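Chain by chain, the residues:
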Amino acid sequence: MSALTGLTLAEARDGLRGKRFSARELAAAYNAAVERVAPLNAFVTATPERALDMAAAADARLARGEALPLDGIPLAVKDLFCTKGVLTTAASHILDGFVPPYESTVTEKLWAAGAVMLGKTNMDEFAMGSSTTTSYYGPTENPWRRKNHAGDNRPLVPGGSSGGSAAAVAARAALGATGTDTGGSIRQPASFCGIVGLKPTYGRCSRWGVVAFASSLDHPGPMTRTVRDAALMLGAMAGHDPRDSTSAPLPVPDYAAALTGDVRGLKIGIPKEYRIDGMAGEIEALWQAGIAWLKDAGAEPVEISLPMTKYALPAYYVIAPAEASSNLARYDGVKFGLRVDGDSLDDMYEKTRAAGFGGEVRRRVLIGTYVLSAGYYDAYYLKAQRVRTLIARDFAAAFEKCDCILTPTAPSAAFAIGEKADDPVAMYLNDVFTVPADLAGLPAISVPAGLSDGLPLGLQVIGRAFDEAMVLRVGQVLETAAQFTHVPSFLAG
Amino acid sequence: MALDKATVARIATLARIRVAEDQLEPLATELSGILDWVEQLMAVDTENVPPMTSVAEMTLPLRDDVVTDGGNREAVLGNAPRPARGFYAVPKVVE
Amino acid sequence: MTMPIEGRTGEWEVVIGLEVHAQVVAQAKLFSGAATAFGAEPNTQVSTVDAAFPGMLPVINRHCVEQAVRTGLGLNAQINLHSVFDRKNYFYPDLPAGYQISQYQQPIVGRGRVEIEMPDGTTRAIGITRLHLEQDAGKSLHDQHPRDTYVDLNRAGIGLMEIVSEPDLRSAEEAGIYLRKLRSILRYLGTCDGNMEEGSLRCDCNVSVRKPGAPFGTRCEIKNLNSVRFVMQAIEVEARRQVGIIEDGGTIAQETRLFDTARGQTRPMRSKENDYDYRYFPDPDLLPLVLDPTWVAGLKAALPELPDAKRARFQRDFGLGAEEAGVLTAERATAEFFEAVVGHGAPGGRGRGPKAAANWVTGDLFGALNKKGLGIEDSPVSAPALGALIDLIADGTISGRIAKDVFAEMVETGGDPAAIVAAKGLRQVTDTGAIEAAVDAALAASPAQVAQYAANPKILGFFVGQVMKATQGKANPALVNELLRKKLGG
Ligand SMILES: [Mg+2]
Ligand SMILES: [Zn+2]
């Protein structure tokens, strides 16, 4: 870890503006870091030359005193965001060789804010997963390893689906990265890798140009090392996009300005239903610590009830696969990506899609096809959407009593690569605390708050729709109290 | 078990994913496991609860009727595995 | 009026419902900014949204929504202020996303009604079930390569209105009348150009047969018919096919069929049964379409006069017969041309004789346009020019006979009638002296015919002809008749 890659995004920004180093120097340091983390397999594609070119342009602006908000800041991009002229794979074989002729709105905004692209990060195929092990390009490794576990030094998953982004940021190979969160895919890997992950409100960041998994649940958002960095990055990513019909036509507040550190008088909801059976003692302890920190800062914990919590995951595993089964119908070997020739049209379709989709994607496409099919639509899909209404109502009722909600991010720390691979439902349970906010479209952040067996654990703050500012403010108070200064073993060792 | 072999074969055909005969049974078991777990939803009373259509409390935005796109065949054919004379080519379809 | 089919076992009633796909007149597609113009080079009017590239999203065209609402109003239909877009999922190469964005359970337009006029002068109300907005598919070309089908996505994503009728039609003829009437309404509204050759209007027919009074039979859907004639032929042969099967003891399988225009037969489409599970669900990329009732009321107030109202007004105000008024109002352009011909008439204010105007438009003008293969929009004779010609007859400047010659000249040159009359010296002779001289000359030249007059007064026509010939048709026919009668028989 060089001195430059040790900085936070906010510090690097100040350094660039103070001319203590150039954007090209910073980009070069990060290009080297991207190379150094190759063993983690966090990147599908590195773009070092593009990074240097963009950094040179940033230097020119900095020299003219026309610095943009993120000028010269090197970022990584989840390989779910389409990047013009740069291979975009969604970590799937079926997108072989796909080079988009367009740039996603979110990345376009980041580049327009002066940020520098380091490359495209690995992920679960089509963002379906919680481990970054379903990638066609192989699993990503968590830069953290367990401590105090005699003999068990197996490589761990970084979480997922935005595992490559989380690993890259944790291993100081990017100042920040974009992620997407459909069932927890920003927050759970942030928790597993000891970084900050923010899922904004549905409609806050445009989905245009982001390869769709489940349209009503896909949320692009920032992954960074600090809450302040998340605020800065979100400010550049967010905003109304007329090309996305579900994008909210709302102004973007100054999120960094919202980081006042003052939570006095805020009511912090503690949902009793999140105290699930078999939850690790460390998680419970960390949650209690979080409550105490906020109380010390002058906030008031209040018990709330979110009775539908236990139904969120099964509802999610109907709705997300249903949408995915339709969204992934376009991968048919005709317009882009992989094609496996066949004797007939249907033969070509079936061979292409069998070869192009991995096991988890196939599983979800089949489940989704089934729950939408004649005779099952009402029993599964409509039922799940009704339950979703009840989940959203739970939150609405809770926010009558509190200003935000504090929960653990995930029910466990990172697990070993290969663990839970044979039991889809056990794997799905990773998202038990994150899925409800996706179903309700609410903003939520994961902040690193402690260690368990040497592995990071995160706390989650959920807020009211479009109140990312509150979530960031409370998140930063937790961050300050937790004093999470640990460094991943990959960097230490 | 929620799904039998024949049902898996039918949905695989609907989804246009080739599944080898010897994979149908294990896949049926695996998918049934997920669906059995999903079944717990049936315990929720959703009488008079409308299905969610969108979390966004918005209505559909409308755009103007102006030509702003197209006119770039290279952009839409550039990634095609089998472009032919300005078309996408697929194995012959008989109607 | 029902037109039963005569089978071996007696009469069969044909029950028909039509699903019409009408392309919305718009510059851009329903959910993308690509152009809609007909006949462009393949795949040049395609956006990455139309080709369903990863991450591309639909945004709806306001104008298409407006045209669907106006059409709904024109069909006397319920406008649904809340409607929903659904995905209809199936695999086909001309459907790039693997789903069509359509409206399933909550269409933008609900129940309505179209009046059709039967040849016997009666009218019937045909129920409209619904109208919904949806995307068109691309075009598959099967004849370009021995082993491949070629796909052109220019049409993919163009806005369509699917207009579904109730099974209220009872014969091929009625279906044809309904389709023409629907086309006329769409063209009046300007929401669809109705061009069936270019595919802007396509029709699927649901056909079943039953014994009169029996419940509905099993129906077959005949897809994608692109002319009124084919619609009528297809219904006729399909109904006879079904009667034949049932009378032979068979049953009708509900299926989708194609009409082979060359053989004049319908045949089943080759598609898998599985394809019928469309797995409709609300498109999560879109939100419910909510219309402002004030906006809808404004559209309603601004609707043009539609064919039914115009026909009634032509009968009432111009004293035209039902059939004549029907012909003149079938096309908005014709009706407008006719009204311009009637105009305010010659100075003095009263309109030109509507009957004369109607005769000229439906007779001479239609004949001339037909011969030249022109539409009324491209008529070489403008409405004011035709009006001026009628004025020249009315004020006695020319005779009706000369007017035909002047009209022929106008069709060829597009000239002004008064100028043609002046240039060719066609002004009618009303000088009694000159006409009397010509009459005297004619009588003197044919004494034998003069002698026959008492027994055969029709011989008068012969002398009129002679006089007109001598005066090159310019003599005022009334004066010629009057003078001849006086001199022949007193
Ligand atoms: Mg239809
Ligand atoms: Zn249709």
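Structure's up top.
Residues numbered from 1 in each chain as written. Chains lettered and ligands numbered in written order. Predicted model: local features only at pLDDT ≥ 70, side-chain atom pairs only at ≥ 80, totals over all residues. Heavy atoms only, no water.

Explain the overall build of chain B to me, please; I cannot follow it from the model alone.
From N to C terminus, chain B includes three helices and three strands. The C-alpha radius of gyration of chain B comes to 22 Å, more than 25% above the 12 Å expected for a compact globule of 95 residues. C-alpha extents for chain B along the principal axes are approximately 55 × 45 × 25 Å. Sorting the 95 residues of chain B into buried and exposed places 45% on the buried side. When contacts within chain B are restricted to residue pairs at least 6 apart in sequence, long-range pairs at least 24 apart make up 35% of them. Computing the positive centroid from 9 side-chain charges and the negative centroid from 15, chain B places the two 18 Å apart. (Helix = DSSP H or I, 4+ residues; strand = E, 2+ residues; numbered from the N terminus. Rg over C-alpha atoms; globule rule 2.2 N^0.38 Å. Buried < 20%, exposed > 50% of the residue type's maximum accessible area, 1.4 Å probe, protein only. Contact = heavy atoms within 4.5 Å. Lys, Arg positive; Asp, Glu negative; His and termini not counted. Charge placed at Lys NZ, Arg CZ, Asp CG, Glu CD.)

I'm lost on the layout of surface pockets in this one. Help?
If you roll a probe as big as a water molecule over the atoms, it shows you where there is empty space left. Residue and element names in this part refer to chain C. Computed from the structure, the second largest pocket encloses a volume of approximately 970 Å³. Lining the second largest pocket are 27 residues; nearest its centre among them are Glu-117, Arg-180, Gly-326, Val-327 and Ala-330. Sorting the residues of the lining of the second largest pocket by element identifies helix H2 (172-189), helix H5 (307-318) and helix H6 (322-329) as the ones contributing at least two each. Here the lining of the second largest pocket takes six residues from H2, the largest share from any one element. Across the lining of the second largest pocket, the residue classes break down as nine nonpolar, seven polar and eleven charged. (1 Å grid on protein atoms, 1.4 Å probe; cavity = no way out; pocket = protein on both sides within 12 Å on 5 of 7 lines; lining within 4 Å. Points joined across faces, edges and corners; volume = space filled by probe spheres on them. Nonpolar A, V, L, I, M, F, W, Y, C, P; charged D, E, K, R; others polar.)

Explanation requested: the packing of helix H12 (residues 432-445) of chain C against helix H15 (residues 477-489) of chain C in the structure shown.
Two packed helices can be described by the angle between their axes and the distance between those axes. Residue and element names in this part refer to chain C. Interaxial distance between H12 and H15 falls to 10 Å at its minimum, and their mutual angle equals 50°. In terms of orientation, H12 lies oblique with respect to H15. Both H12 and H15 take part in a crossing whose hand is right-handed. Every residue of H15 that contacts H12 at Thr-432, Ile-435, Glu-436, Val-439, Asp-440 and Leu-443 is listed here: Leu-479, Val-480, Leu-483, Leu-484, Lys-487 and Leu-488. Residues that form the contact of H12 with H15 fall into these classes: eight nonpolar, one polar and three charged. (Axes fitted to C-alpha atoms, helices over the stretch in contact; angles between N-to-C directions. Parallel < 35°, antiparallel > 145°, perpendicular 65-115°, else oblique. Left-handed = near helix turned anticlockwise from the far one by under 90°.)

Whenever I open this one, the sheet that holds strand S3 (residues 87-91) of chain B confuses me. Can you help?
Working definition: the strands of a sheet are paired by backbone hydrogen bonds and lie parallel or antiparallel to each other. Ordered by their spatial adjacency, four strands build an open sheet running S2(B)-S3(B)-S10(C)-S9(C), and the pairing between neighbours is antiparallel. Each of the sheet's edge strands pairs with one partner strand only, and the pair in question is strand S2 (83-84) of chain B together with strand S9 (139-141) of chain C. Sheet topology places S3(B) next to strand S10 (residues 148-152) of chain C; four bridges connect them, and they run antiparallel. Of the residues in S10(C), the one forming a bridge with Pro91(B) is Asp148(C). (Pairing = 2+ DSSP bridges.)

Explanation requested: unusual backbone geometry in the structure shown.
Glycine aside, residues mostly have negative phi angles, and peptide bonds mostly take the trans form. Residues and elements named next belong to chain A. The residue after Gly-160, namely Ser-161, is reached through a cis peptide bond having omega 10°. Positionally, Ser-161 belongs in the loop between strand S3 (116-121) and helix H5 (163-170). Even without a glycine there, the phi angle at Asn-41 is positive, about 55°. Note that Asn-41 resides in the loop between helix H2 (23-36) and strand S1 (43-46).

When you look at the nonpolar core in this model, what are you seeing that I'm missing?
Soluble globular proteins: nonpolar side chains tend toward being buried together. Counting 218 residues, the largest nonpolar core has Leu110(A), Phe126(A), Phe395(A) and Leu406(A) as its most contacted members. For this core, the element with the most residues is helix H9 (residues 309-327) of chain A, which contributes eleven residues. Setting aside chain neighbours within four positions, we find Leu406(A) in contact with Ile268(A), Gly269(A), Ile270(A), Pro271(A), Trp287(A), Gly290(A), Ile291(A), Leu294(A), Leu459(A), Gln460(A), Val461(A) and Leu478(A). Counting residues in hydrophobic clusters, the runner-up holds 112 residues, among them Ile16(C), Cys203(C), Phe337(C) and Ile420(C). (Core = buried A, V, L, I, M, F, W, Y, C linked by side-chain atoms within 4.5 Å.)

Explain the interface of chain B and chain A here, please?
By convention, interface size is frequently given as the accessible area that disappears when the constituent parts associate. Listed as interface residues are 50 residues of chain B and, on the opposing side, 65 residues of chain A. Surface buried jointly by chain B and chain A totals about 5,000 Å² across both partners, of which 69% is contributed by carbon and sulfur atoms. On the chain B side of the interface with chain A, the three residues burying the most area are Arg18(B), Trp37(B) and Met52(B), jointly 14% of the side's total. Our count for the chain B to chain A interface comes out at four salt bridges. The closest approach of N and O atoms between Asp347(A) and Arg18(B), which form a salt bridge, is 2.8 Å. Connecting chain B to chain A are 17 residue pairs in polar contact (both at pLDDT 80 or more). (Buried area = accessible area lost by both parts, 1.4 Å probe. Salt bridge = Lys/Arg side-chain N within 4 Å of Asp/Glu carboxyl O. Polar contact = N/O pair within 3.5 Å; in protein donor to acceptor, adjacent residues only side chain to side chain.)

Please explain the side chain of Thr105(A) as it appears in this structure.
Within the fold, Thr105(A) resides in helix H4 (residues 105-112). Separated by 2.9 Å, the side chains of Thr105(A) and Arg243(A) make a polar contact.

How should I be thinking about the coordination of the zinc ion (ligand 2) in this particular structure?
Each pair of donors in an ideal octahedron of six around a metal sits at 90 or 180 degrees, and each pair in an ideal tetrahedron of four sits at 109.5 degrees. The protein atoms donating to the zinc ion (ligand 2) are His21(C) (NE2), Glu134(C) (OE) and Glu162(C) (OE), with metal-donor distances spanning 2.0 to 2.1 Å. Written as a sequence motif, the donor residues of the zinc ion (ligand 2) are H-x112-E-x27-E. (Donors = N, O, S within 2.8 Å, 3.2 Å for Na, K, Ca; no water.)

Explanation requested: the interface of chain C and chain B in the structure shown.
The interface is formed by 55 residues belonging to chain C together with 41 residues belonging to chain B. Summed over both partners, the interface of chain C with chain B comes to about 4,200 Å²; 57% of that surface belongs to carbon and sulfur atoms. Seen at the junction of chain C and chain B, the total is three salt bridges. The partner of Arg10(B) in a salt bridge is Asp277(C), with the nearest N and O atoms 3.8 Å apart. Our count for the chain C to chain B interface comes out at 26 residue pairs in polar contact (both at pLDDT 80 or more). Elements with a contribution of two residues or more to the side of chain C that touches chain B: strand S3 (60-61), helix H1 (62-74), S10 and strand S17 (289-290) of chain C. When residues in the side of chain C that touches chain B are grouped by element, the largest group, five residues, is from S10(C). For the side of chain C that touches chain B, the per-class residue count stands at 28 nonpolar, 15 polar and twelve charged.

What is the right way to look at the sheet that holds strand S5 (residues 86-89) of chain C in this model?
Sheet architecture is open: three strands sit in the order S6-S5-S16 (chain C), paired in antiparallel fashion. Either end of the sheet is taken by a strand with one partner, and the two such strands are strand S6 (99-102) and strand S16 (281-282) of chain C. H9(A) contacts S5, S6 and S16 of chain C of the sheet and is inclined by roughly 60° relative to S5(C).

What is the right way to look at the side chain of Ser446(C) in this model?
In this structure, Ser446(C) sits in the loop between H12 and helix H13 (447-452). Excluding residues that lie within four positions of it along the chain, Ser446(C) makes contacts with Phe462(C) and Phe463(C).

Would you explain H5(A) in this entry?
Since the α-helix advances by 3.6 residues per turn, residues separated by three or four positions end up pointing in the same direction. Residues and elements named next belong to chain A. Of all the eight residues making up H5, eight are buried; the element is thus mostly covered by neighbouring parts of the structure. Among all positions of H5, only Gly-163, Gly-164, Ser-165, Ala-166, Ala-167, Ala-168, Val-169 and Ala-170 are buried. Just beyond H5, the residue with positive phi is Arg-172, at close to 60°.

Would you explain the environment of Ala394(C) in this entry?
Topologically, Ala394(C) is positioned in helix H9 (residues 383-394). On the accessibility criterion, Ala394(C) (69% relative accessible area) is exposed.

It is not clear to me how the packing of H2(C) against H5(C) should be interpreted in this structure. Could you clarify?
Residues and elements named next belong to chain C. Running from N to C, H2 and H5 cross one another at 90°; their axes reach a closest spacing of 10 Å. As judged from the angle between their axes, H2 and H5 are roughly perpendicular. For the pair H2 and H5, the contacting residues are Lys-181, Ser-184, Ile-185 and Tyr-188 in the first and Pro-307, Asp-308, Lys-310 and Arg-311 in the second. When the residues that make up the contact of H2 with H5 are grouped by side-chain class, the tally is three nonpolar, one polar and four charged.

What's the story with the pattern of salt bridges in this structure? I'm lost.
Think of it this way: side chains of opposite charge can pair up when their charged atoms draw near. If you walk through the whole model with that rule in mind, you get 65 salt bridges over all chains. The salt bridge involving Arg275(A) is made with Glu284(A); its shortest N-O contact spans 3.4 Å. For Arg275(A), a relative accessible area of 39% puts it in the partly exposed group. Glu284(A) sits in the partly exposed class, given a relative accessible area of 23%. We note a salt bridge from Arg464(A) to Asp403(A), for which the minimum N-O separation is 3.7 Å. With Arg464(A) in the loop between strand S11 (455-463) and helix H15 (468-482) and Asp403(A) in the loop between helix H12 (377-398) and strand S9 (404-408), this residue pair connects regions lying 61 residues apart in the sequence. When salt bridges that share partners are traced, they join Arg207(A), Asp244(A), Arg87(C), Asp283(C) and Asp285(C) into one network.

Sorry, what's going on with the packing of aromatic side chains here?
The geometry of two aromatic rings is summed up by the distance between their centres and the angle between their planes. Counting across every chain of the model gives 33 aromatic pairs over all chains. Both rings, one in Tyr370(A) and one in Tyr380(A), keep their centres 5.9 Å apart while their planes meet at 55°; by these two values the pair is tilted. Within this pair, whereas Tyr370(A) is found in helix H11 (residues 359-372), its partner Tyr380(A) is found in helix H12, the two being separated by ten residues in sequence. You'll find Tyr370(A) and Tyr380(A) in the same group, each marked buried. Grouping aromatic residues by their ring pairs yields a cluster made of Phe98(A), Tyr102(A), Phe126(A), Trp208(A), Tyr331(A), Phe336(A), Phe357(A) and Phe53(C). (Phe/Tyr/Trp six-rings, centres within 6.5 Å; stacked < 30°, edge-to-face > 60°.)

Looking at this structure, I do not really get the pairing of strand S14 (residues 256-260) of chain C. What am I missing?
Each regular strand shows side chains that alternate between the opposite faces of the sheet. Residues and elements named next belong to chain C. Of all five residues making up S14, four are buried, and the element is well covered by its neighbours. One crossover worth recording links strand S13 (residues 220-225) to the parallel S14 by way of helix H3 (residues 228-247), and it is left-handed. In the sheet, S14 pairs with strand S15 (residues 265-268) via four bridges, with the strands oriented antiparallel. Of the residues in S15, the one forming a bridge with Phe-259 is Thr-266. If you look at the hairpin formed by S14 and S15, you'll find four residues sitting between the two strands, and Gly-264 has a positive phi there, around 65°. (Right-handed = clockwise from strand over helix to strand, strands pointing away.)

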